[in-house]
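Remarks on the overall topology
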Amino acid sequence: MQESSQVEPPHPAADVLDHVGYRLKRAHAALRAAMDQALREHGLTVPQYACLEVLAARPGMSNAELARATFVTRQSMNVVLRGLQDDGLLTRPSTVDHGRARPATLTGEGRRRLGGAQAAVYAIESRMVQALPEGRLAALLDDFDHITRALTD
């Protein structure tokens, strides 16, 4: 019988639930739950909202670009786009002159629905920011960027 050696954690933690990854996931889960609840009142899911928000800032993005920007697969984004189009919140041409990308743009109803949903989501983000000690937001955002680079480089 072979003895298994204990691997040391990357930082001191009294409990596995104190590890950075668990805490980050817990914060993400809390954000997602708050957004799910708020967006339900606007008839949107988190991926639908993210798609509308990105399209408002960058009209004409393709399915693949939107998928990357909103952290979903291209297949999932196809479903999101079809649903938003069926609800009259965005338009896409049925054909394009060249390539396969069908750029999406918000409709007036899409902009209206996004406006109401943005108010709810931005209120959630305000709650998060207000929970931070004074002057810590910029450092937190930098920390998130450092973490992202460490995991993607």
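A few points on the structure. Since the structure is predicted, the reported quantities are computational estimates derived from the model, not experimental observations.

Examined against the element boundaries, Ala57 turns out to sit in helix H2 (residues 46-57). Remark: the alpha-carbon pair of Ala57 and Asp143, spanning 86 residues in sequence, is separated by 25 Å.

In this model helix H4 (residues 74-86) runs 18 Å from its N-terminal to its C-terminal C-alpha over 13 residues, within 8% of the 18 Å that 1.5 Å per residue would give. Three or more residues of H4 are buried, namely Met77, Val80, Leu81 and Leu84. Considered in projection along H4, the buried side chains sweep an arc of 100° and stay on one side of the axis. H4 presents Gln75, Val79 and Asp86 as exposed residues on the side facing more than 90 degrees away from its buried surface. In the core, the buried residues of H4 are packed alongside H2, helix H3 (63-70) and strand S1 (90-91). Two residues or fewer after H4 comes Gly88, characterised by a positive phi angle close to 75°.

Here the largest pocket defines a volume of roughly 1800 Å³. Lining the largest pocket are 39 residues, and of these Ala27, His28, Leu31, Met128 and Phe144 sit closest to its centre. Elements represented by at least two residues in the lining of the largest pocket include exactly helix H1 (20-40), H2, H3, helix H5 (108-130) and helix H6 (137-152). A per-element tally of the lining of the largest pocket places H1 first, with 11 residues. Across the lining of the largest pocket, the residue classes break down as 27 nonpolar, 4 polar and 8 charged.

Now for the packing of H2 against H5. Contact pair H2 / H5: the axes reach a minimum separation of 11 Å and the direction vectors enclose 110°. As the angle between them shows, H2 and H5 are arranged roughly perpendicular. Residue-level inspection shows Tyr49, Leu52, Glu53 and Ala56 of H2 in contact with H5, the latter providing Leu114, Ala117, Gln118, Val121 and Tyr122. The residue inventory of the contact of H2 with H5, partitioned by class, reads 7 nonpolar, 1 polar and 1 charged.

It is at 9 Å that the axes of H3 and H4 come closest, and there the two elements cross at 105°. Accordingly, the angle class assigned to the pair H3 and H4 is roughly perpendicular. Between H3 and H4, the contacting residues are Asn63, Ala64, Leu66, Ala67 and Thr70 on the first element and Arg74, Met77, Asn78 and Leu81 on the second. Class assignment for the residues of the contact of H3 with H4 results in 5 nonpolar, 3 polar and 1 charged.

Below, the discussion takes up the pattern of salt bridges. Applying the stated criterion to the full structure yields 5 salt bridges. Close ionic contact of Arg23 with Asp18 constitutes a salt bridge, the shortest N to O distance being 3.2 Å. By relative accessible area, Arg23 is classed as partly exposed at 44%. Of the residues examined, Asp18 reaches a relative accessible area of 28% and is grouped as partly exposed. Between Glu109 and Arg113 there is a salt bridge, with its nearest N and O atoms 3.9 Å apart. Of the two residues, Glu109 and Arg113 are both situated in helix H5; the distance of 4 residues between them amounts to about one turn of the helix. For Glu109, a relative accessible area of 31% puts it in the partly exposed group.

Scoring rules and cut-offs
Residues numbered from 1 in each chain as written. Predicted model: local features only at pLDDT ≥ 70, side-chain atom pairs only at ≥ 80, totals over all residues. Heavy atoms only, no water. Helix = DSSP H or I, 4+ residues; strand = E, 2+ residues; numbered from the N terminus. Expected span 1.5 Å × (residues − 1). Buried < 20%, exposed > 50% of the residue type's maximum accessible area, 1.4 Å probe, protein only. Arc of directions from axis to C-beta. Contact = heavy atoms within 4.5 Å. 1 Å grid on protein atoms, 1.4 Å probe; cavity = no way out; pocket = protein on both sides within 12 Å on 5 of 7 lines; lining within 4 Å. Points joined across faces, edges and corners; volume = space filled by probe spheres on them. Nonpolar A, V, L, I, M, F, W, Y, C, P; charged D, E, K, R; others polar. Axes fitted to C-alpha atoms, helices over the stretch in contact; angles between N-to-C directions. Parallel < 35°, antiparallel > 145°, perpendicular 65-115°, else oblique. Salt bridge = Lys/Arg side-chain N within 4 Å of Asp/Glu carboxyl O.

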